[in-house]
Amino acid sequence: MIRRSLPLAIAAACLITPAAGAHAASGVNPCSLVSAKQTASFGIRGTCKLTTHTAPGFSASLGTWNLTSRTAHLSVAVNTYSSKSGPYWQIAMTTLNKLPGRAAKVSGIGTLAYESGGDGSTISAINFVVGNRVVSINLRTATAPKSLAAFNAVAKSIAARLK
């Protein structure tokens with residue numbers, strides 16, 4: 001589910017023609033937003049693999065750690081938009097709360113955030129907004145977390161770096 005949701009959102013965004021005169025947005029490297037200590041705390045080893053996509057008015061950067069593992073992996077997507085009134089932004093806002101499991105609105109992470117997980121599942125996800133960026137973090141752990149506190153701490157750290 002997690003692996004399919006991000007590519008589908010990116011593909012949908014790419015099908016829309018941006019407004020005339022829209023310029024490419026500046027992307028961010030998500031691999032630089034999470035430390036090795038943070039990934040290790042979730043049982044994730046290895047380096048980050050970066051994938052990027054740019055279209056007029058939209059830039060997507062995806063960092064993945066240990067994606068080939070079925071037990072523990074992390075992905076951080078940072079989508080940057082040149083306009084909050086453009087079609088890409090509109091799609092991002094309508095899908096912000098579409099997460100695996102039950103999504104709940106949370107505060108203290110960006111200007112608008114939704115998370116899911118911590119309910120016995122090994123999958124945790126959070127989507128949040130910082131300025132003209134939407135960040136999606138997806139985590140799979142070997143065992144279900146008892147709390148999302150450590151996951152939220154990583155999200156807050158990323159949000160602070162993007163301000």
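This text follows the structure it describes.
Residues numbered from 1 in each chain as written. Predicted model: local features only at pLDDT ≥ 70, side-chain atom pairs only at ≥ 80, totals over all residues. Heavy atoms only, no water.

Caption draft 1: Highlighting the state of the cysteines. Tallied over the entire structure, the rule returns one disulfide. Between the sulfur of Cys31 and that of Cys48 lies a disulfide, 2.0 Å long from S to S. Between Cys31 and Cys48, the disulfide has an S-S torsion of -60° and is therefore left-handed. One end of the pair, Cys31, is in the loop between helix 1 (2-15) and helix 2 (36-41); the other, Cys48, is in strand 1 (residues 48-55), with 17 residues separating them in the sequence. (Disulfide = S-S within 2.5 Å. Helix = DSSP H or I, 4+ residues; strand = E, 2+ residues; numbered from the N terminus.)

Caption draft 2: Examining the sheet that holds strand 7 (residues 133-140) more closely. The strand order across the open sheet formed by seven strands is 1-2-3-7-6-5-4, and the pairing between neighbours is antiparallel. Lying at the two open borders of the sheet, with one neighbouring strand each, are strand 1 and strand 4 (104-106). With direction set aside, neighbouring strand axes in the sheet form an average angle of 15°. Where strand 6 (residues 123-130) lies against strand 7, eight bridges are found, and the strand directions are antiparallel. Its bridge partner being in strand 7, Asn127 is matched across the sheet by Ser136. Its contacts with the sheet place helix 3 (residues 87-95) against strand 1, strand 2 (58-65), strand 3 (73-81), strand 6 and strand 7, and it is angled at close to 40° to strand 7. This element, helix 4 (residues 149-162), spans strand 3, strand 5 (112-116), strand 6 and strand 7 of the sheet and lies at about 25° to strand 6. (Pairing = 2+ DSSP bridges. Axes fitted to C-alpha atoms, helices over the stretch in contact; angles between N-to-C directions. Contact = heavy atoms within 4.5 Å.)

Caption draft 3: Fine view of the pairing of strand 2. For strand 2, the tally of buried residues reaches seven of eight residues, placing the bulk of the element in the interior. The antiparallel pairing of strand 1 with strand 2 creates a hairpin that spans two residues between the two strands, and Gly57 there sits at a positive phi of about 90°. The sheet contact formed by strand 2 and strand 3 spans eight bridges and is antiparallel. Within strand 3, the position partnered with Phe58 by the bridge is Tyr81. (Buried < 20%, exposed > 50% of the residue type's maximum accessible area, 1.4 Å probe, protein only.)

Caption draft 4: Structural detail: helix 4. Between its first and last C-alpha, helix 4 extends 20 Å over 14 residues, near the 20 Å set by a 1.5 Å rise per residue. Every buried residue belonging to helix 4 is among Phe151, Asn152, Val154, Ala155, Ile158, Ala159 and Leu162, and all of these are buried. Looking straight down helix 4, one finds that the buried residues subtend no more than 155° of arc, so they occupy a single side. When the buried face of helix 4 is taken as reference, the exposed residues oriented beyond 90 degrees from it are Ala149 and Ala160. As for helix 4, its buried residues are in contact with helix 2, strand 3, strand 5, strand 6 and strand 7. (Expected span 1.5 Å × (residues − 1). Arc of directions from axis to C-beta.)

Caption draft 5: View of the packing of aromatic side chains. Taken as a whole, this structure holds three aromatic pairs when the rule is applied. Ring geometry for Phe58 against Tyr88: centres 5.0 Å apart, planes inclined by 50°, an arrangement best described as tilted. Taken together, the positions of Phe58 in strand 2 and Tyr88 in helix 3 put the pair 30 residues apart, joining distant regions of the chain. Note on accessibility: Phe58 and Tyr88 belong to one class, buried. When the centroid spacing of 5.3 Å and the interplanar angle of 85° are considered together, the rings of Tyr81 and Trp89 count as edge-to-face. For the residue pair Tyr81 and Trp89, the accessibility class agrees, reading buried in each case. Counting every residue linked through ring pairs, the aromatic cluster contains Phe58, Tyr81, Tyr88 and Trp89. (Phe/Tyr/Trp six-rings, centres within 6.5 Å; stacked < 30°, edge-to-face > 60°.)

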